[in-house]
Structures are given as structure tokens and as C-alpha cells.
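Structure assessment
Here is how the chains run, residue by residue.
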Amino acid sequence: MRQTLLPDLVLDAHGARSGLGITIEDGRIVEISPATDGERLPGRALAPGFVNDHSHAFQRGLRGTVERISPSSPEDDFWTWRERMYELACELTPESTREVSRRCYEEMLCAGYTGVTEFHYVHHCPDGIPYEDPSALAKAAALAAEDAGIRLLLLPVAYARGGVPRFRDASVEAFLRRVDTLREWSEGHPLVEVGLAAHSVRAVPRGWLEEIGGYARRDDLPVHIHADEQPREIEECLAEHGVRPVELLAQTGFLGPRTTIIHATHADAGELDLLSEHGASVCACPTTEGNLGDGFLPAGGILDRGIRLSVGSDSHVRIDPFEELREIETNARRLSGRRNVLVNEGETSPTPWLLRAGWDRGGLETGDTADLIEIDLSHPALVDVEAGDLPSALVFGAGSEVVVGAWVSGRRVYARGGKDG
Ligand SMILES: [Zn+2]
């Protein structure tokens, strides 16, 4: 089916253009050109959908419940939060995983995310015995994405030690066999792509990192890992391996152009150099990192080295891509006492760099998947904003409430007030 959408404005990272139609066929954008015939979207701008590059959907269930200290741990921190998260993880069933994930993904679509990377590490029955279908919980997350209509990159996560029994596999071979079968299954699910991940250098030994990195390289798959989120993790890595986490990843062949490091909060200059040399990416999760007291992204070092950046809502304390992007620059301003800090070479504003991190691209192009969001130009946060100022107004002055529609593969999967509203 071929259709043309006629918004008031088409937005890219630098500004907005009027008088354009976006023509979609078979889920892709086939033309962006002056047009008058098609479906009018009055008062709307069309922009690329945001990509939520790091999610643990089930942790949405903690929202509002962990914002208090308990008598047993008056010094609340990441590690005490993690105990609460483990309790929640132990309660999950395939049915509840699908339900909580669907609600989480629907909230993402409302907020402007049209794609999500699910970092999925709850695999087995609570006692650690695999389900009859060893991928039952991963498939529940995938089906939830289909229920909601969001695009999914599903990453089954390797976990060898620590955590709770249902996270762990007996061997890296058993883990990779599950990845194989999940990849075959996903072929019948067009919104679902499968990559893989290792949880962290805490949870996975050196030999597993080598095997997982090799598997990803051989099949050219995206591969993710948490690293440098907390100082204690770095101390433990130094004690066990004599090197810092990203150094260990480089030694084990885990780093490559399809590798994404989640957080990198405490990465030092040498580790950032390694990420740059290997073409690896960083995913920042500022609202979660702030909520957990992790620290700040070394955003200046990432920008200066040209390391590709993405964002994720991680624990889902908040689901709002605008806030994730704003936090990156706002933290840099608080730390430096300056304004407009994260400005890419050849640009005059942090906005284009931030939007490229959120969108995974700079704007809408012919050939892209038709994953779009509709922005309400009459919203009080945006009214009277000039077209040229719209990208910065979104990053610095707006939130997810300006998103009134979402399209994935050319299908409208969210419309505020109902499909026709
Ligand atoms: Zn995470």
C-alpha cells in the first residue's frame, strides 16, 4: 500500500521544512517531496521516531515503589535498589512478562519511542531450571512488542555468576544455543530483530566474553554490555583481571563496530580511546543513572572522540526521550558552569548531536523505515516557536506530552485520543 502524509512541517536535526509530503510504501519512506495529495496532518510536524536503546521492561513495575529508604538499609544506593529489583524479577511468569512489557512498550510509543532494544536477562524458572521452551520469557517480551506495535531489537543476555538463579546459564554454549533458536523463531516476526548481550564483566567471566564477542562478529550482530556504571564494578574488575572493564572487553575481542557499552559513566580517557579505536558505541541512560546515583556520562570525551551515542530509559523510572537528551547537556552545563557545552564540530548548538543520538539518524530520508512521530505544534510548550527553533525547543523546552501519534513501518500504532483522534 502506498500513502502520502502531509504534515505542516518535516523535522530534522537542524530545522523544519514546510510544504513536503512523505510517501510510504511497504513500510518504508519512498519519497519526500512537495505534495498536495494525501492524508493531511494539520498542526503537526513529522519527525523520526526515537530509539530507546536500553530497556529492562519488567523494571517498569518498580516505578514509585523504590523512592523511600527501608529500616534495614537506611543508606539506600544502587546495590540496595538492586535487591528490590531482584525480588521483582523472581516473581515474573511468561504471562506477566508479556503483560508488563506490553504496557511499558505502549508507554514508549506515547512518549515518542518507535523502537526499543530489550536487554533481556530473566530466562528460566525461579529455581534456575529452564522452561520447556528455554526462550519462553524472551518470546513473551517479543510478543509484547508485537502487541504494542513497537520495533524491537531483542538481546538475550548471558549471565554466568551472581544475580539470581533464573538469570544464569550453565555454560556459554547453552546460552548461544538459545540465541540460535531465538534468531530462527524471529524470522517470522518482522518487527523483531535478535542480537545478543553479556550482562557485565561482573556477571560474565573472560572466556564467555571471548565466545560471545566471536559469535557476534561472525554473524555481524549487535552486541551490548553494561560497563563502568558504578565505581565498585571497576575496583572488582581491577582486582580480578588487573584491567578496567573496557580494557577487558578490548582484550577479549568483545569490542567492535556493532558493540554498544551501556552507561560508561566512569569510563576513563584510556577506555574512551579504546571505544573510539574499535568503533564501538555508548548508550547513556541519564534519568536512570540520576535516579540510581550512578553519576554523569563523560559526554565531552564521547563527543570529542566522535563515539556514536544513543539513549535508553533503562529502568523506566521515567519514559521521555526529550528528558534523556536534555539531561546529557544540562549535566554538562552544571559540571562546567557554561552553556551550550556539547557542540559538535561545525555546529553551533548541542541540539543536532543530541537529536542524532535520540533518533539514530539526523532526519527522515528516502529508504528509511517509516518509523515516525507526530508532534502537536499547537501544544502550549511549542506554540509561537519558529520552525528553525523547533528542534532546540523540543530538546530544551518540551517533553513527551507534545507527541500525539506514532507510526511504525508506515502503520499508525498510537494516536492520542484514539486512532482517529
Ligand atoms: Zn541496564
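Per-chain numbering applies: the sequence of each chain, read as written, is numbered from 1 onward. For a predicted model such as this one, the threshold for reporting local features is a pLDDT of at least 70, and the threshold for listing and counting side-chain atom pairs is 80 or more; totals across whole chains, interfaces and linings nevertheless cover every residue. Water and hydrogen atoms were dropped before computing side-chain values, which therefore reflect all heavy atoms in the structure.

Let's talk about the overall build of the protein chain
Selection criterion: Segments assigned H or I by DSSP are reported as helices when at least four residues long, segments assigned E as strands when at least two residues long, and all are numbered from the N terminus. All radius of gyration figures rest on C-alpha atoms, and the globule criterion is 2.2 Å times the number of residues raised to 0.38. Classification of residues uses two cut-offs on accessible area relative to the type maximum, computed with a 1.4 Å probe and protein chains only: under 20% is buried, over 50% is exposed, and between them is partly exposed. Here a residue-residue contact requires only that any non-hydrogen atoms of the pair lie within 4.5 Å. For the purpose of charge, His is not counted, nor are the chain termini; Lys and Arg are scored as positive and Asp and Glu as negative. A charge is said to be at NZ when it belongs to Lys, at CZ for Arg, at CG for Asp and at CD for Glu.
Helix and strand counts for the protein chain come out as 13 helices and 17 strands. For the protein chain, whose C-alpha radius of gyration is 21 Å, the value lies close to the compact-globule estimate of 22 Å for 421 residues. If you line up the protein chain on its principal axes, its C-alpha atoms span 60 × 50 × 50 Å. When each of the 421 residues of the protein chain is scored for burial, the buried share is 58%. Pairs at least 24 apart in sequence give 75% of the contacts found in the protein chain among residues at least 6 apart. Positive and negative charge centroids in the protein chain, built from 42 and 68 side chains respectively, lie 2 Å apart.

A few points about the packing of helix 12 (residues 351-359) against helix 13 (residues 390-397)
Under the convention used in this document: The axes used here are C-alpha line fits, helices contributing only the stretch in contact, and every angle between their N-to-C directions lies in the interval 0 to 180 degrees. Any angle that is under 35 degrees is reported as roughly parallel, and any over 145 degrees as roughly antiparallel; angles of 65 to 115 degrees are reported as roughly perpendicular and all others as oblique.
The N-to-C vectors of helix 12 and helix 13 enclose an angle of 70 degrees; their axes lie 10 Å apart at closest approach. As judged from the angle between their axes, helix 12 and helix 13 are roughly perpendicular. Facing Thr351, Leu354 and Leu355 of helix 12, the residues of helix 13 in contact are Pro391, Ser392, Val395 and Phe396.

Description of the coordination of the zinc ion
Threshold: Keep in mind that water is not among the atoms, so a site may look incomplete; donors are the N, O and S atoms within 2.8 Å of the metal, or 3.2 Å for Na, K and Ca. Key to geometry: four donors with every angle between 85 and 135 degrees are tetrahedral; four donors are square planar and six octahedral where opposite donors lie over 155 degrees apart and all remaining angles lie between 65 and 115; all other sites are irregular.
Within the protein, the atoms that donate to the zinc ion are His54 (NE2), His56 (NE2), His226 (NE2) and Asp314 (OD), at distances of 2.1 to 2.8 Å. For the zinc ion, the four donor atoms in the first shell make angles of 81 to 171 degrees at the metal, so the coordination geometry reads as irregular. Residue histidine 56 is classed as buried on the basis of its relative accessible area, which comes to 3%. Under the relative-accessibility criterion, histidine 226 is labelled buried at 5%.

Overview of the side chain of arginine 361
To keep things clear, this is the line we draw: Whenever two N or O atoms come within 3.5 Å, that pair is a polar contact, provided that in protein one can donate a hydrogen and the other can accept it, and provided that, for residues adjacent in sequence, both atoms are side-chain atoms.
Mapped onto the elements, arginine 361 comes out in the loop between helix 12 and strand 15 (372-376). Polar contacts involving the side chain of arginine 361 include one to the side chain of aspartate 368, which spans 2.8 Å. Those residues within four positions of arginine 361 in sequence are excluded, and the remaining contacts are Pro48, Gly49, Leu355, Arg356, Asp368, Thr369 and Asp371.

So, a negative patch on the surface
Operational definition: Patches here are clusters of residues that have more than 30% relative accessible area and form no salt bridge, with a 9 Å joining cutoff for like charges and a 5 Å cutoff for nonpolar side chains (Val, Leu, Ile, Met, Phe, Trp, Tyr). Each accessible area value is a Shrake-Rupley result obtained with a 1.4 Å probe; residue values ignore everything except the protein chains displayed when judging cover. Put simply, a salt bridge is a Lys or Arg side-chain nitrogen that is within 4 Å of an Asp or Glu carboxyl oxygen.
Residues Glu67, Glu75, Asp76 and Asp77 make up a contiguous surface patch of negative charge. Residue position: glutamate 67 is located in the loop between strand 6 (50-55) and helix 1 (78-91).

Remarks on the nonpolar core
Our working definition: What is meant by a nonpolar core is a set of buried Ala, Val, Leu, Ile, Met, Phe, Trp, Tyr and Cys residues, joined one to another through side-chain atoms within 4.5 Å.
Residues Tyr105, Leu196, Ile212 and Ile328 are the most contacted members of the largest nonpolar core, which totals 126 residues. The element best represented in this core is helix 3 (residues 136-148), accounting for eight residues. When residues no more than four places from it in sequence are discounted, the contact partners of isoleucine 212 are Ala158, Val172, Phe175, Leu196, Ala198, Val223 and Phe254. Grouped together as the second largest cluster of nonpolar side chains are 12 residues, Ile22, Ile24, Leu364 and Ala370 included.

Regarding the domain arrangement of the protein chain
This is how it is decided: For every domain, the bounds stem from an assignment made automatically or drawn from a database. Residue polarity follows a fixed list, in which Ala, Val, Leu, Ile, Met, Phe, Trp, Tyr, Cys and Pro are nonpolar, Asp, Glu, Lys and Arg are charged, and the others, Gly among them, are polar.
Segmenting the protein chain into domains produces domain 1 (2-48 + 363-415) and domain 2 (50-319). For domain 1 versus domain 2, the distance between C-alpha centres works out to 31 Å. Across the contact, 14 residues belong to domain 1 and 12 residues belong to domain 2. Ionic pairing is found between aspartate 371 and arginine 151, a salt bridge with its closest N-O pair at 2.7 Å. On inspection of domain 1 and its partner domain 2, the count reaches two residue pairs in polar contact (both at pLDDT 80 or more). Of all elements in the fold, only strand 15, strand 16 (403-408) and strand 17 (411-415) reach the threshold of two or more residues within the side of domain 1 that touches domain 2. A total of four residues in the side of domain 1 that touches domain 2 trace back to one element, the largest contributor, which is strand 16. When grouped by side-chain class, the residues that make up the side of domain 1 that touches domain 2 number nine nonpolar, three polar and two charged.

Remarks on unusual backbone geometry
In this model, aspartate 26 sits at a positive phi of 50 degrees, which is unusual for a non-glycine residue. Locating aspartate 26 in the fold gives a position in the loop between strand 3 (20-25) and strand 4 (28-34). Positive phi is not limited to glycine here, since alanine 264 has a value of about 55 degrees. Following the sequence through the fold, alanine 264 ends up in the loop between strand 12 (259-263) and helix 8 (269-278).

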